[in-house]
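As a plain string of letters, each chain reads:
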Amino acid sequence: MAKETISITDNRTGKTYELPVEQGCIRAMDLRQIKTGADDFGLMTYDPAFLNTANCKSAITFIDGDKGILEYRGYPIEQLAEKSSYLEVAYLVMHGELPTKAQYDDFVHRITVHTFVHENVKGFMDGFRYDAHPMSMLASTVAALSGFYPEAKNVKDKATRRIQMIRLLAKMPTLAAFSYRHSQGLPYIYPDNDLSYCANFLNMMKRIGESKYKVNPVLERALDVLFILHADHEQNCSTTATRAVGSSEVDPYSAVTAGVTALYGPLHGGANEAVLRMLREIGSMKNVPEFIKRVKNGEGTKLMGFGHRVYKSYDPRAKVIKRTADEVFEVTGKNPLLEIALELERIALQDDYFMQRKLYPNVDFYSGLIYEAMGFPVDMFPVLFAIPRTVGWVSQWEEMITDNEQKIARPRQIYTGQTRRDYIPVEKRA
Ligand code: ACO
């Protein structure tokens, strides 16, 4: 049987080293023994943006980008989206197993009774200008929660950790809706604990004069499905940020704030907004071929909502979202931009440029169209991503905190600056 090792010959010294290979990886620290002499620090790897570096072992989410597979705790995303609910998936992601009926009821109850935020949080919201981006308000108020729960810094205690995780899941929709209400100059609507997770969020967003806002069950379910699709996505930018900040053993509110701010960026949570802008710019079906030509010629634009760092096949979430879009449009009427999107997809999927580069629609290609049809402004799109991703952030954070192999995140660098030189007094500087 072949040995699970790799031999490396250092041509600088002629020495050969045999390193163990575990699950397709070598340990970067095993390279440190490869030295040219006693003064040599030892070999490191250089991997900007972690393109080929596993930063952790994780049992939460599995992705096979070539085959278009996404699984949470082993369950395929398609089955979860069809048969499960967001809170059941949240339980699964957090605990590793699907809940029994009693466990599920208890989990839902605990989330439901933690939806309210301290009245002072409204004061933070009120401090923002009317035109502040809701993601700024969300990030700031999530960070502020750490001041309300000082015991949260006790990250080594499981019971303390778990209650903060529940609070974050429960309060995120409240903070998200408050940020929207503030930006619209509307009064804040308190959580209604008779409603489901998504219905309560829609109620806090939309209710204006009516004593009970009627949530359309199709839209409630569509939001639940979108939340399932966004619950976790292994070591993406915002999760990596949450893990890195959490590795200092700061409280989870502060760690999750890093996740929210990372998600704010246009290369991460902001891509569906870019898709909508692109579709508006194309304007009509007849302009699609010309637009595709510009993309292929590299004339300053990409086909937004296409391509993915990990998926080199159809993003499985995009397939589910397409079905959800049809159901939503039955209720809201078709988003007029849909036919442009469908035509773009039809042409791109037959075109050599996109086929050779394995560029397929990603989750963002259709999600913005759904959110817009449901009446959410584009500024809220990353917020709508942050709510469900919270369970991914807190679960990955807890996995990191309880992993004995993890330490404070502290990468190395290749220094490219000046070599040592002496200080020059200002009057002698050229
Ligand atoms: N349109 C046109 N060409 C593209 C696109 C696109 N959307 N995406 C990649 N390409 C081309 C690149 O120009 C490159 O071509 P080349 O080999 O001729 O230079 C080739 O395909 C490989 O692309 P990379 O940039 O190396 O792929 P990378 O993994 O770095 O980028 C990314 C992935 C950022 C998602 C990219 O595909 C992109 O910018 N897509 C559009 C933005 C988008 O939809 N982002 C959402 C991602 S999903 C999410 O975050 C939830």
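Note: the structure precedes this text.
1. Observations regarding the packing of helix α2 (residues 86–95) against helix α17 (residues 381–401)
Here's step 1: Contact pair α2 / α17: the axes reach a minimum separation of 9 Å and the direction vectors enclose 15°. Relative to α17, the element α2 lies roughly parallel. Crossing geometry of α2 relative to α17 is assigned as right-handed. Touching Tyr86, Ala90, Val93 and Met94 of α2 are Ile387, Pro388, Val391, Gly392 and Ser395, all from α17.
Here's step 2: When the residues that make up the contact of α2 with α17 are grouped by side-chain class, the tally is 7 nonpolar, 2 polar and no charged.

2. Some words on the pattern of salt bridges
Here's step 1: All told, the structure shown has 26 salt bridges when counted by the stated rule.
Here's step 2: For Arg167, the salt bridge goes to Glu151, with nearest N and O atoms at 3.0 Å. Residue Arg167 is located in helix α6 (residues 158–184), and its partner Glu151 is located in the loop between α5 (134–148) and α6; the two are separated by 16 residues in the primary sequence.
Here's step 3: Lys322 is the salt-bridge partner of Glu345, the closest N and O atoms lying 3.3 Å from each other. Highlighted residues: Glu345 in helix α14 (residues 338–350) and Lys322 in helix α13 (residues 316–332), separated in sequence by 23 residues.
Here's step 4: One network of salt bridges, with partners in common, ties together Glu22, Arg27, Lys57 and Glu405.

3. Examining the pairing of strand β3 (residues 61–64)
Here's step 1: In this sheet, strand β4 (residues 69–72) lies alongside β3 in antiparallel orientation, the contact comprising 4 bridges. Within the sheet, the bridge partner assigned to Thr61 lies in β4 and is Tyr72.
Here's step 2: In textbook terms, the turn of a hairpin is the stretch between consecutive antiparallel strands, and for β3 and β4 this stretch comprises 4 residues, one of which, Gly68, has a positive phi near 70°.

4. Description of the pairing of strand β1 (residues 5–10)
Here's step 1: As judged from the 6 bridges shared by β1 and strand β2 (residues 15–20), these two strands associate in the antiparallel manner. Of the residues in β2, the one forming a bridge with Ile8 is Tyr17.

5. Section: the sheet that holds β3
Here's step 1: Strand order across the open sheet formed by 3 strands is β3-β4-β5, with antiparallel pairing between neighbours. In the strand order of this sheet, the two ends are held by β3 and β5 (75–76), each with one partner.

6. Examining the site of the ligand
Here's step 1: In the neighbourhood of the ligand, 18 residues make up the surrounding shell, with Leu303, Gly305, Phe306, Arg357 and Asn362 lying closest.
Here's step 2: The backbone of Gly305 places a nitrogen or oxygen atom 2.8 Å from an oxygen atom of the ligand.
Here's step 3: In this structure, a nitrogen atom belonging to the ligand sits 2.9 Å away from a main-chain N or O atom of Phe306.
Here's step 4: Protein contacts shield 68% of the accessible area of the ligand, which totals 940 Å² for the unbound molecule.
Here's step 5: When the residues that make up the shell around the ligand are grouped by side-chain class, the tally is 8 nonpolar, 5 polar and 5 charged.

7. Brief notes about unusual backbone geometry
Glycine aside, negative phi is the norm for most residues, and most peptide bonds take the trans geometry.
Here's step 1: Despite not being glycine, Phe50 shows a phi value in the positive range, around 50°.
Here's step 2: Of note, Phe50 is situated in the loop between β2 and β3.

8. Section: a nonpolar patch on the surface
Here's step 1: A surface patch of nonpolar side chains, amounting to about 440 Å² of accessible area, comprises Phe41, Met44, Tyr46 and Ile414.
Here's step 2: Take Tyr46: it is sitting in the loop between β2 and β3.

9. Section: the state of the cysteines
Here's step 1: Per the counting criterion, the structure on display carries 0 disulfides.
Here's step 2: Cys56 provides the cysteine sulfur closest to Cys237, a residue in no disulfide bond, and the two sulfurs are 14 Å apart.

What counts, and where the lines are drawn
- Residues numbered from 1 in each chain as written.
- Predicted model: local features only at pLDDT ≥ 70, side-chain atom pairs only at ≥ 80, totals over all residues.
- Heavy atoms only, no water.
- Axes fitted to C-alpha atoms, helices over the stretch in contact; angles between N-to-C directions.
- Helix = DSSP H or I, 4+ residues; strand = E, 2+ residues; numbered from the N terminus.
- Parallel < 35°, antiparallel > 145°, perpendicular 65-115°, else oblique.
- Left-handed = near helix turned anticlockwise from the far one by under 90°.
- Contact = heavy atoms within 4.5 Å.
- Nonpolar A, V, L, I, M, F, W, Y, C, P; charged D, E, K, R; others polar.
- Salt bridge = Lys/Arg side-chain N within 4 Å of Asp/Glu carboxyl O.
- Pairing = 2+ DSSP bridges.
- Near = heavy atom within 4 Å.
- Polar contact = N/O pair within 3.5 Å; in protein donor to acceptor, adjacent residues only side chain to side chain.
- Areas by Shrake-Rupley, 256 points an atom, 1.4 Å probe, with all protein chains shown as cover.
- Patch = residues over 30% accessible without salt bridge, like charges linked within 9 Å, V, L, I, M, F, W, Y side chains within 5 Å.
- Disulfide = S-S within 2.5 Å.

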